[in-house]
Protein chains: 4
Amino acid sequence: ADSVRLLISGEDRPGIVAAVSTLLQEAGANISSLDQYSTDPEGGRFYQRTVFHLDGFSAARPELERKLDERLATGLGLTWSLRPVAQLKRVAIFASKSDHCLLDLLWRHRRGELPMTVSMVISNHADLAEEVRPFNIPYFYVPVDKSDRQAAERRHLELLRGNVDLVVLARYMQIITGDFLREVEVPVINIHHSFLPAFIGAGPYAKAKQRGVKLIGATAHYVTEDLDEGPIIEQDVVRVKHSDTAADLQRRGADVERQVLARAVEWHCEDRVARDGNTTVIFL
Amino acid sequence: ADSVRLLISGEDRPGIVAAVSTLLQEAGANISSLDQYSTDPEGGRFYQRTVFHLDGFSAARPELERKLDERLATGLGLTWSLRPVAQLKRVAIFASKSDHCLLDLLWRHRRGELPMTVSMVISNHADLAEEVRPFNIPYFYVPVDKSDRQAAERRHLELLRGNVDLVVLARYMQIITGDFLREVEVPVINIHHSFLPAFIGAGPYAKAKQRGVKLIGATAHYVTEDLDEGPIIEQDVVRVKHSDTAADLQRRGADVERQVLARAVEWHCEDRVARDGNTTVIFL
Amino acid sequence: ADSVRLLISGEDRPGIVAAVSTLLQEAGANISSLDQYSTDPEGGRFYQRTVFHLDGFSAARPELERKLDERLATGLGLTWSLRPVAQLKRVAIFASKSDHCLLDLLWRHRRGELPMTVSMVISNHADLAEEVRPFNIPYFYVPVDKSDRQAAERRHLELLRGNVDLVVLARYMQIITGDFLREVEVPVINIHHSFLPAFIGAGPYAKAKQRGVKLIGATAHYVTEDLDEGPIIEQDVVRVKHSDTAADLQRRGADVERQVLARAVEWHCEDRVARDGNTTVIFL
Amino acid sequence: ADSVRLLISGEDRPGIVAAVSTLLQEAGANISSLDQYSTDPEGGRFYQRTVFHLDGFSAARPELERKLDERLATGLGLTWSLRPVAQLKRVAIFASKSDHCLLDLLWRHRRGELPMTVSMVISNHADLAEEVRPFNIPYFYVPVDKSDRQAAERRHLELLRGNVDLVVLARYMQIITGDFLREVEVPVINIHHSFLPAFIGAGPYAKAKQRGVKLIGATAHYVTEDLDEGPIIEQDVVRVKHSDTAADLQRRGADVERQVLARAVEWHCEDRVARDGNTTVIFL
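What counts, and where the lines are drawn
Residues numbered from 1 in each chain as written. Chains lettered and ligands numbered in written order. Predicted model: local features only at pLDDT ≥ 70, side-chain atom pairs only at ≥ 80, totals over all residues. Heavy atoms only, no water. Phe/Tyr/Trp six-rings, centres within 6.5 Å; stacked < 30°, edge-to-face > 60°. Helix = DSSP H or I, 4+ residues; strand = E, 2+ residues; numbered from the N terminus. Axes fitted to C-alpha atoms, helices over the stretch in contact; angles between N-to-C directions. Parallel < 35°, antiparallel > 145°, perpendicular 65-115°, else oblique. Left-handed = near helix turned anticlockwise from the far one by under 90°. Contact = heavy atoms within 4.5 Å. Nonpolar A, V, L, I, M, F, W, Y, C, P; charged D, E, K, R; others polar. Least-squares fit on C-alpha atoms with pLDDT ≥ 70 in both. Buried area = accessible area lost by both parts, 1.4 Å probe. Salt bridge = Lys/Arg side-chain N within 4 Å of Asp/Glu carboxyl O. Polar contact = N/O pair within 3.5 Å; in protein donor to acceptor, adjacent residues only side chain to side chain. Buried < 20%, exposed > 50% of the residue type's maximum accessible area, 1.4 Å probe, protein only. Pairing = 2+ DSSP bridges. Right-handed = clockwise from strand over helix to strand, strands pointing away. Core = buried A, V, L, I, M, F, W, Y, C linked by side-chain atoms within 4.5 Å. Domains from an automatic or database assignment.

S.K.: Even after reading the chapter, I still don't get the packing of aromatic side chains, so can you show me in this structure?
M.R.: The geometry of an aromatic ring pair is captured by the separation of the ring centres together with the interplanar angle, meaning the angle of the planes. All names here are of chain A. With the rule as written, the count across this model stands at 16 aromatic pairs over all chains. Summarising the aromatic geometry, the rings of F94 and Y172 are spaced 5.1 Å apart at their centres and angled 85° between planes, so their arrangement reads as edge-to-face. Note that F94 is positioned in strand β5 (residues 89-95) and Y172 in the loop between β8 (166-169) and α6 (178-184), a separation of 78 residues in sequence. Joined through ring pairs, the aromatic side chains of F94, Y172 and F180 make up one cluster.

S.K.: Please clarify how the packing of helix α3 (residues 100-110) of chain B against helix α3 (residues 100-110) of chain C should be interpreted in this entry.
M.R.: For any two helices packed against each other, the geometry is given by the interaxial angle and the distance between the axes. Two elements in contact, α3 of chain B and α3 of chain C, have axes separated by 13 Å at closest approach and are oriented at 165°. Looking at the two axes, α3 of chain B sits roughly antiparallel to α3 of chain C. Relative to α3 of chain C, the crossing made by α3 of chain B is right-handed. Where α3 of chain B approaches α3 of chain C, its residues H100, L103, W107 and R110 of chain B are matched on the opposing element by L103, D104, W107 and R110 of chain C. Among the residues making up the contact of α3 of chain B with α3 of chain C, the classes are represented as 4 nonpolar, 1 polar and 3 charged.

S.K.: How do you make sense of the relation of the copies chain C and chain A when you look at a structure like this?
M.R.: Note that the two copies of the chain are related through a rotation about an axis and a translation along the same axis. Of the transformation placing chain C onto chain A, the axial shift is 0.0 Å and the rotation is 180°, giving an RMSD of 0.0 Å. Put plainly, the chains are arranged around a two-fold axis. Scanning chain C for the C-alpha nearest the rotation axis identifies A198 of chain C, at a separation of 2.2 Å. A share of 100% of interface residues in chain C that are also interface residues in chain A marks the association as one of identical surfaces.

S.K.: Would you explain the interface of chain A and chain D in this entry?
M.R.: Many authors give the size of an interface as the accessible area that is lost as the parts come together. Tallying the contact residues gives 19 residues for chain A and 19 residues for chain D. Taken together, both faces of the contact between chain A and chain D bury some 1,600 Å²; the carbon and sulfur share is 38%. Three residues stand out in chain A for area buried against chain D, namely W107, R111 and R251 of chain A, and they jointly supply 33% of the buried area on that side. Along the contact surface separating chain A from chain D lie 12 salt bridges. The partner of R258 of chain A in a salt bridge is D104 of chain D, and the shortest N-O contact between them spans 3.0 Å. At the junction of chain A and chain D, the tally comes to 14 residue pairs in polar contact (both at pLDDT 80 or more). When residues of the side of chain A that touches chain D are traced back to their parent elements, those giving at least two are α3 (100-110) and α8 (246-269) of chain A. For the side of chain A that touches chain D, a count of residues per class yields 5 nonpolar, 2 polar and 12 charged.

S.K.: Looking at this structure, how should I read the relation of the copies chain A and chain D?
M.R.: Laying chain A over chain D is done by rotating through 180° and shifting 0.0 Å along the axis; what remains is an RMSD of 0.0 Å. Comparing contact sets, 100% of the residues at the interface of chain A also lie at the interface in chain D, consistent with an isologous, same-surface contact.

S.K.: What should I look at first to understand the pairing of β5 of chain A in this one?
M.R.: Remember that side chains alternate between the two faces of the sheet whenever the strand is regular. Residue and element names in this part refer to chain A. The buried count for β5 comes to 6 of 7 residues, which makes it a mostly enclosed element. Alignment of β5 against strand β6 (residues 116-123), held across 7 bridges, turns out to be parallel. The residue of β6 that forms the bridge with K89 is M116. Traced from β5 through α3 to β6, the parallel crossover comes out right-handed. In this sheet, β8 lies alongside β5 in parallel orientation, the contact comprising 4 bridges. Paired with I93 across the strands is V168, a residue of β8.

S.K.: Quick question: what am I supposed to make of the nonpolar core here?
M.R.: One finds L105 and L261 of chain A together with L105 and L261 of chain D to be the most contacted residues of the largest nonpolar core, which totals 75 residues. Contact partners of L261 of chain D, with chain neighbours within four places excluded, come to C101, L105, V168, L169, A170, I189, I191 and A220 of chain D. Counting residues in hydrophobic clusters, the runner-up holds 74 residues, among them A95 of chain B together with L114, A220 and Y222 of chain C.

S.K.: Explain the pattern of salt bridges to me, please; I cannot follow it from the model alone.
M.R.: Under the counting rule described, the total for this entry stands at 136 salt bridges over all chains. Between R239 of chain D and E234 of chain B there is a salt bridge, with the nearest N and O atoms lying 3.0 Å from each other. Of this pair, R239 of chain D sits in strand β11 (residues 232-239) while E234 of chain B sits in strand β11 (residues 232-239), each in a different chain. A relative accessible area of 2% means that E234 of chain B is categorised as buried. The residue E234 of chain C makes a salt bridge to R263 of chain C at a minimum N-O spacing of 2.8 Å. With E234 of chain C in strand β11 (residues 232-239) and R263 of chain C in helix α8 (residues 246-269), the pair connects residues that are 29 residues apart, well separated along the chain.

S.K.: Please clarify how the interface of chain C and chain A should be interpreted in this entry.
M.R.: Each side of the interface is counted separately: chain C has 31 residues, and chain A has 31 residues. Interface area for chain C against chain A, summed over the two sides, is near 2,600 Å², with a carbon-plus-sulfur share of 57%. Joining chain C to chain A, the criterion identifies 6 salt bridges. In this structure, R239 of chain A engages D236 of chain C in a salt bridge whose closest nitrogen and oxygen atoms are separated by 3.5 Å. At the boundary of chain C with chain A, the tally comes to 18 residue pairs in polar contact (both at pLDDT 80 or more).

S.K.: I'm lost on the domain arrangement of chain A in this one. Help?
M.R.: All names here are of chain A. When cut into domains, chain A gives domain 1 (2-84) and domain 2 (89-282). Using only C-alpha atoms to locate each centre, domain 1 and domain 2 end up separated by 31 Å. Taken residue by residue, the interface counts 8 residues in domain 1 and 9 residues in domain 2. Both sides of the domain 1 and domain 2 interface together cover about 680 Å² of buried area, and 43% of this is carbon and sulfur. Counting the surface domain 1 buries against domain 2, the share from its top three residues, R5, Y47 and R49, is 63%. There are 3 salt bridges connecting domain 1 and domain 2. Note that R5 and D271 form a salt bridge whose closest N and O atoms lie 3.0 Å from each other. Taken together, the connections running from domain 1 to domain 2 amount to 8 residue pairs in polar contact (both at pLDDT 80 or more).

S.K.: Can you walk me through the packing of helix α7 (residues 204-211) of chain A against α8 of chain A in this structure?
M.R.: Residues and elements named next belong to chain A. Close contact between α7 and α8 brings their axes to 9 Å; oriented N to C, the two are set at 120°. With respect to α8, the element α7 is oriented oblique. As α7 runs across α8, the sense of the crossing is right-handed. Where α7 abuts α8, its residues Y205, A206, A208 and K209 lie against A246, L249, Q250, G253, A254 and E257. Classifying every residue of the contact of α7 with α8 gives 6 nonpolar, 2 polar and 2 charged.

Here it is in structure tokens:
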């Protein structure tokens, strides 16, 4: 049977769960998983993720969409989208010189752990081309001239537009402009090498060493115009000691970075992440 | 509005979620939380926990129960139960000489962290009576004569029957017989001082020290006739070092024990735990 | 045999370990534990914690101190101190209305987990007097008039001076002035309810909820004049979910707070913490 | 300056630390790190790891070794060894079809995280040869005929003898015989895919699923003749949910396996692990 995800969001009101489940039952679908969350039982925002099985989904889709429009959009003022599980998200990974996050995503993908298609790797350096080659994924070297950042971004957009559903910044050490975010029209996930909001900005490991923290962390978040301020998808930490140098922190942190980024990408690709203003709802 | 939990279990089949949500909508209820899990999409066992708000639940209850019987029990072969959130579970805590798990439960309860009523403390020693007194909870000292274990259990049953919905063994160091479990007719939760199934039986910290493990743990589980083999509700671990003595392990372990037990009791009291054979489904 | 701790700090230079161990061997002492750390092999600051056993330490002490002065202070420019393990630190605990950190310390102390003497509890509220009574520790209610903070601090100093070796702020919700810190002349440990340096200042749980972090934490640190900027002793975190309210965060955070504070107090009382500028060296 | 590790073990007795540090000072060495541990202050076994800097170590070595023999071996009955930090351990990695532990070690090694030389990869399958090639490490395919296990082991020993200081079983799915262990004459580290001693033997993830545990783990240990019973070097766990299938557990477990194995190999290569009977002492 075809497996499909139905994502719903909007203002909370009574009867949404019943409306959705009835609609799906009428279509002959069997719900295999249903999660919902309301930010506030009284007048909050409502999010629902439903996975259902339906034989012959393609044929049934137009009628299903018509009903979703009628009952959810028009009737209840909700936003909805249907995503067949088999239709993998197409992902572009941006990297610079650090290989750990990039390679970890490629390995996990090759092992079948990440339900996505890696469409391309884009880097402002040629260094990692050799390491990416065995994975048979196109590697585009797009140097960034800081005095003409727009030139690189135009090239990025040419490569990306229409070809990807997600951009992942796997320790890509260049500024992403608001213009790029608006034009790329797909979500952008970044891995920040600190437990945000601690140590915002550059050099977090040096700052962590200086402050003498006992744990260091990493944060995966959606990129917005405000640097390091986007909605957090996942975070984790690792214990460090006074004897760890800033280089040790960087090395230990690298392990956390790649795990946190892998989880965030996996969850996004499985439609488990809903953005709620500047925070996220994670359906696990 | 009255808040009520509806718990459902049985063989999985299409349409359960729709049937439940439609039924609740007809009753004017607003679903605030719905979790379900099927052990297998094809022919598995189905579990659902629904929380709904319904003004005037008491008046509406008979009609709701009639429909649940008709549509879920008769129609779909499911087992269901309704539990008003305001109707707290009544709990008896058994302890021996160790105070950490007992006191932690009493503290958390006093702070409002555990949605339960502590009906009584039962101990085979008088030692902890003094510490329990400030909490204003009856303390019953029931010595256990190992040659006549039944005498103590008869006394336990006299105290418990009709008065409690849950028994918590907070480091109660006496054997619980199968007869007692059958007659008490309420669930019994135990905290075992190891990460089960490692170090089953007595003296787990000494065994852990001898084996040289690098983490020690604790396990909260429902008690069944097979010692240490009941369905696991929650587990956690803490890191230890080669220089920790067996006494150090015991001390560090005590912290894990009380946290793990508190979580298990909280989840059980909020009807978040469904037993599925010898395992549990936890709705968080 | 008497067990004694010898603490040394100063500029690193060759031969310190040999000088100390030779000196102790001459005295007939047996080293049971030795930890040292240098911030930099070339010209860094050096810290050493040594535990030794010496029968008849009291009689031998003057001669030992003479040699320590001669060889370590005069000879190598180091600072040293001797602390018999049996000579417990005397501790004053400050609290306000929250009981979790205070009770956890008192209870661990009663269980023998914290090698200290609790000399007194001081609070700006009378609320917790009842809960402290069973522990047989003096409870001083010292209200704080915000327009005359100095009056309360004078009263504090009268109670503390000469009587305690450590002040622990166990969720004491009043500002500590620089004057007080200078005059009290013993270290002051505070528990901050966030993973510093994230969410500095008041209301960290509300801020954490608003920012949508996936982990919340607690930080035990020495108090300095700069609020929340003192040397960090210990930190830990716990995972939270999008559905946790700010009240849930506070409740989960309370568990982390009491564990982190207990570890920091234990380590300080065992002379395991050396202050190195605005950071700490922890010998575990 | 040359950096050297001095490892000492034997029966504990007074004066060992002083003897060692005096001896090193006489040689003009500067101790940069010293850790020691005694299993029992009275008559226990003693372990010490000292790192020192000594210009012109090679020239000074014979005299140093003579004194170590005289004062530590003859004088105090201790066993000692000197290991220049620059003299990396030579490692052979055994693998079968799973690539995650193997690739993680190779990749960390390339990043400079593991102070070792990877001399060869040995596998009973040809599958991973392609993935190993970019690392420029010899890959020996040695098929194992279960009816003549000795033939393969003879081939292993021909490859290993004199060439390696450590064998790492990176999910190598073949039995290691006692004969091989005796003849290979170097330590062998294995990664077991469970939190030992839970789920000893084959199929731990399936057993974990069946038992309903809430955490799964991995264990790195030295291999002895008793399967899964050797001294544990490192362990860790990860949280799992009721909805995780045995395949999910395997996938989540793989992450823990590679981290635990990498830490164990790093510690062994830095001489941080001392075997104490069937347990280990870890100097961190």
